[in-house]
Amino acid sequence: AEVLAAHGARVLIGSRNPERGRAALARVQAMATGLAPELVELDVSSLESVARAANRIRERTGGTLDLLVNNAGIMAPPLSFSADGFESQWAPNVLGANAISWRMLASIATAPQGRIVFVSSTRHLSATLDEARIRADIRGDGYRGFDIYGRTKLADLLMSRELDRHFRRTG
């Protein structure tokens with residue numbers, strides 16, 4: 001966000017924590033050479049929060065978004081669940097990131113060179129995915145934090161590939 005703002009980009013920062021969000025906003029503001037960065041309340045572990053944030057982002061951007069960077073997430077916490085009932089890594093790392101991406105897809109598609117970026121990890125290299133494992137992970141069955149983290153990062157990379165296919169098919 002700092003680098004983008006330093007190059008004149010208008011930056012909207014999503015944050016679930018108001019205090020940390022304001023601190024990030026101040027750091028980005030110090031680097032900004034263009035429009036002032038803005039804070040958007042967004043907890044990607046909550047699908048309701050994602051829906052509200054997507055609406056706010058569309059309102060603020062006029063329905064065109066050049067770049068969405070999915071960088072939120074958590075790694076290997078003790079077993080816990082999101083407000084929506086999903087394992088706490090799958091909720092923000094995959095489900096929320098994908099939800100905001102799909103909700104912003106039309107806005108990205110209207111940008112001349114729109115992009116969606118999923119930040120991943122080399123932890124994906126040790127991961128494999130199948131439907132049964134995903135279902136078990138989301139429920140927290142057989143919880144092993146770093147293994148689940150790796151699978152969430154692999155899921156993000158696979159989503160990136162699918163979005164690339166989508167954008168290539170649709171021009």
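Note that the structure is a prediction, hence the values are computed from the model and not measured.

Rules and cut-offs
Residues numbered from 1 in each chain as written. Predicted model: local features only at pLDDT ≥ 70, side-chain atom pairs only at ≥ 80, totals over all residues. Heavy atoms only, no water. Helix = DSSP H or I, 4+ residues; strand = E, 2+ residues; numbered from the N terminus. Rg over C-alpha atoms; globule rule 2.2 N^0.38 Å. Buried < 20%, exposed > 50% of the residue type's maximum accessible area, 1.4 Å probe, protein only. Contact = heavy atoms within 4.5 Å. Areas by Shrake-Rupley, 256 points an atom, 1.4 Å probe, with all protein chains shown as cover. Lys, Arg positive; Asp, Glu negative; His and termini not counted. Charge placed at Lys NZ, Arg CZ, Asp CG, Glu CD. Axes fitted to C-alpha atoms, helices over the stretch in contact; angles between N-to-C directions. Parallel < 35°, antiparallel > 145°, perpendicular 65-115°, else oblique. Left-handed = near helix turned anticlockwise from the far one by under 90°. Nonpolar A, V, L, I, M, F, W, Y, C, P; charged D, E, K, R; others polar. Bend = angle between axes of the 7 residues up to and from the residue. Pairing = 2+ DSSP bridges. Right-handed = clockwise from strand over helix to strand, strands pointing away. Core = buried A, V, L, I, M, F, W, Y, C linked by side-chain atoms within 4.5 Å.

Enquirer: Help me understand the overall build of the protein chain, please; the structure alone is not making it clear to me.
Expert: Across its full length, the protein chain carries 6 helices and 4 strands. Each helix (α) and strand (β) of the protein chain, taken in turn from the N terminus, gives the series α-β-α-β-α-β-α-β-α-α. Against the compact-globule benchmark of 16 Å for 171 residues, the protein chain has a radius of gyration of 16 Å, which places it among compact chains. Expressed as a percentage of the 171 residues in the protein chain, the buried residues total 37%. Long-range pairs, those at least 24 residues apart, make up 71% of the contacts in the protein chain with a sequence separation of at least 6. Carbon and sulfur atoms make up 53% of the accessible area of the protein chain, which amounts to about 9600 Å² in all. Where the 22 positive side-chain charges of the protein chain centre and where its 18 negative ones centre are 3 Å apart.

Enquirer: How should the packing of helix α4 (residues 90-109) against helix α6 (residues 145-170) be read in this particular structure?
Expert: Any two packed helices are characterised by how steeply their axes cross, that is the angle between the axes, and by the distance between the axes. Across the interface, α4 lies against α6 with an axial gap of 9 Å and an inter-helix angle of 15°. With respect to each other, α4 and α6 are oriented roughly parallel. Crossing of α4 against α6: the hand is right-handed. Contact residues: Trp-90, Asn-93, Val-94, Asn-98, Ser-101, Trp-102, Leu-105, Ile-108 and Ala-109 in α4; Ile-148, Tyr-149, Arg-151, Thr-152, Lys-153, Ala-155, Asp-156, Met-159, Leu-163, His-166 and Phe-167 in α6. In terms of residue class, the contact of α4 with α6 is made up of 12 nonpolar, 5 polar and 3 charged.

Enquirer: Is there a simple way to think about α4 in this case?
Expert: Quick reminder: α-helices carry 3.6 residues per turn. Residues three or four places apart thus point the same way. Along its length, α4 reaches its greatest deviation from straightness, about 45°, at Arg-103. Burial analysis of α4 places 15 of its 20 residues in the buried class, the great majority of the element.

Enquirer: Can you walk me through the pairing of strand β1 (residues 12-15) in this structure?
Expert: Walk down a regular strand and you will see the side chains alternate between the two sheet faces. Of the two faces of β1, only the one carrying Ile-13 and Ser-15 is buried; Leu-12 and Gly-14 on the other face are not. When β1 meets strand β2 (residues 38-41), the two strands line up parallel, connected through 4 bridges. In the strand pairing of β2, Ser-15 is matched with Glu-41. Read from β1 through helix α2 (residues 18-31) to β2, the crossover connection turns out right-handed.

Enquirer: Honestly, the nonpolar core in this entry has me stumped. Any pointers?
Expert: With 19 residues, the main nonpolar core has Leu-68, Ile-100, Met-104 and Ile-116 as its most contacted residues. For this core, the elements supplying multiple residues, two or more each, are α3 (47-61), α4, β4 (115-118) and α6. In terms of residue count, α4 provides more of this core than any other element does, 6 residues in total. Those residues in contact with Ile-100 that lie beyond four places of it in its chain are Val-50, Ala-54, Ile-57, Leu-68 and Asn-70. In terms of nonpolar packing, the next biggest core, distinct from the first, is built from 5 residues, Trp-90, Val-94, Ile-138 and Ala-155 among them.

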